[in-house]
Structures are given as C-alpha cells and as structure tokens.
Amino acid sequence: VQLQASGGGLVQAGDSLRLSCAASGRIFSRYNMGWFRQAPGKERDFVAGISWSGGSTAYGDSVKGRFTISRDNAKNTVFLQMASLKPEDTAVYYCAARSASSSYIYTAPDSYNYWGQGTLVTVSS
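Residues numbered from 1 in each chain as written. Predicted model: local features only at pLDDT ≥ 70, side-chain atom pairs only at ≥ 80, totals over all residues. Heavy atoms only, no water.

As for the overall build of the chain
Summing up its helical and strand segments, the chain has zero helices and eleven strands in all. Reading the helices (α) and strands (β) of the chain from amino to carboxyl end gives β-β-β-β-β-β-β-β-β-β-β. Relative to its length of 125 residues, the chain is compact, with a C-alpha radius of gyration of 13 Å against a globular reference of 14 Å. If one aligns the C-alpha atoms of the chain with their principal axes, the spans along those axes are about 40 × 25 × 25 Å. Taken across its 125 residues, the chain has 42% of its residues classed as buried. (Helix = DSSP H or I, 4+ residues; strand = E, 2+ residues; numbered from the N terminus. Rg over C-alpha atoms; globule rule 2.2 N^0.38 Å. Buried < 20%, exposed > 50% of the residue type's maximum accessible area, 1.4 Å probe, protein only.)

With respect to the nonpolar core
Membership of the largest hydrophobic core comes to 29 residues, with the highest contact counts inside it found for Met33, Trp35, Leu80, Met82 and Tyr93. If sequence neighbours within four positions are ignored, Met33 has contacts with Leu3, Cys21, Phe28, Ala48, Gly49, Ile50, Ile69, Arg71, Val78, Ala96, Ala97 and Tyr112. With five residues, the next largest nonpolar core counts Phe36, Phe46, Ala96 and Ile105 among its residues. (Core = buried A, V, L, I, M, F, W, Y, C linked by side-chain atoms within 4.5 Å. Contact = heavy atoms within 4.5 Å.)

Describing the environment of Gly60
Considering the arrangement of structural elements, one finds Gly60 in the loop between β6 (57–59) and β7 (67–72). Under the relative-accessibility criterion, Gly60 is labelled buried at 10%. Through-space distance from the C-alpha of Gly60 to that of Gly49 is 9.0 Å; in sequence the pair is eleven residues apart. Once residues within four sequence positions are removed from consideration, Gly60 is found in contact with Phe46 and Val47.

Examining the packing of aromatic side chains
In this structure the tally under the stated criterion is seven aromatic pairs. Residues Tyr104 and Tyr106 carry aromatic rings whose centres are separated by 4.7 Å and whose planes lie at 80° to one another, so their mutual orientation is edge-to-face. Classification of Tyr106 by relative accessible area gives partly exposed; the value is 29%. When the ring of Tyr112 is compared with that of Trp115, the centres are 6.4 Å apart and the planes differ by 65°; the resulting orientation is edge-to-face. Classification of Tyr112 by relative accessible area gives buried; the value is 5%. Grouping aromatic residues by their ring pairs yields a cluster made of Phe36, Phe46, Tyr94, Tyr112 and Trp115. Sitting above the plane of the Tyr94 ring, Arg44 keeps its charged end 3.8 Å from the centroid. Across from the ring centre of Tyr106, 3.8 Å away, lies the NZ or CZ of Arg98, which sits over that ring. (Phe/Tyr/Trp six-rings, centres within 6.5 Å; stacked < 30°, edge-to-face > 60°. Lys NZ or Arg CZ within 6 Å of the ring centre and 35° of its normal.)

Regarding the pattern of salt bridges
Under the defined criterion, the tally for this structure stands at three salt bridges. A salt bridge links Arg37 to Asp89, with the nearest nitrogen and oxygen atoms 2.8 Å apart. In this pair, Arg37 sits in strand β4 (residues 31–38) while Asp89 sits in the loop between β8 (77–82) and β9 (91–99), placing the two residues 52 residues apart along the sequence. Through salt bridges with shared partners, a single ionic network connects Arg37, Arg66 and Asp89. (Salt bridge = Lys/Arg side-chain N within 4 Å of Asp/Glu carboxyl O.)

Everything listed is a geometric property; what it means functionally is a separate question.
Put into structure tokens, the structure is as follows:
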C-alpha cells in the first residue's frame, strides 16, 4: 500500500490542524493505521492509531484529549485532527499501515509495514 500524508504547516500555539493520509494500491480496510512523529534529534514516537474498522483507537500520552484519529474507508483516508497545538508538537508527522490480523493497535514503529513520506507541522509560540 502507498501512503501520502498531507496537511502540515506552520500554526500558532493553540491552533488546530488536520492531517490526512491517502492510501492506494491495496484494500485499505485491511490495514490498521497509525500516526507517528519525529522531532529533530529525537526518536519516532507513536501519536495515534486506529483499527481497520475504526472501532478501536489509541493515543500517545502527550496528545490524549487534544488529537483525534479517524478514518474513512470509502475514501481510503485516515485523518489526524489536532487541537490545542503546542510548540512541543512540532515534528514531521508520518502515517503508517500495518496488515490487520486483529484490532490491536501497535505503538512501536517497527510494527508497521508501510510508511508515508511525512508532513511537517511547526507550532510557533
């Protein structure tokens, strides 16, 4: 499956932003999806994940209550709605896909088979 992330940009602290990740090439509904982020000099961290049906979601501790992941299987797209953005949310955001054998959402980057190219989110203070 090929993934194309978009929607990043420069925003101010407290603003909202929605990222999109469009998938092509395989049956999208057979994949659990995740969003990760990587700031300069840091490891790639789990942000949010959603099961193939959308019935299960999971979030990293730093974004709980501020970010919402969703998906539209008819449009082969997964979204990350980000609210109350903070300067520490600044990073390159990546979407990732994992073949779904269950609804369990993995948080380790090496659990995902496919990756998009990343979209940069910069939050100014």
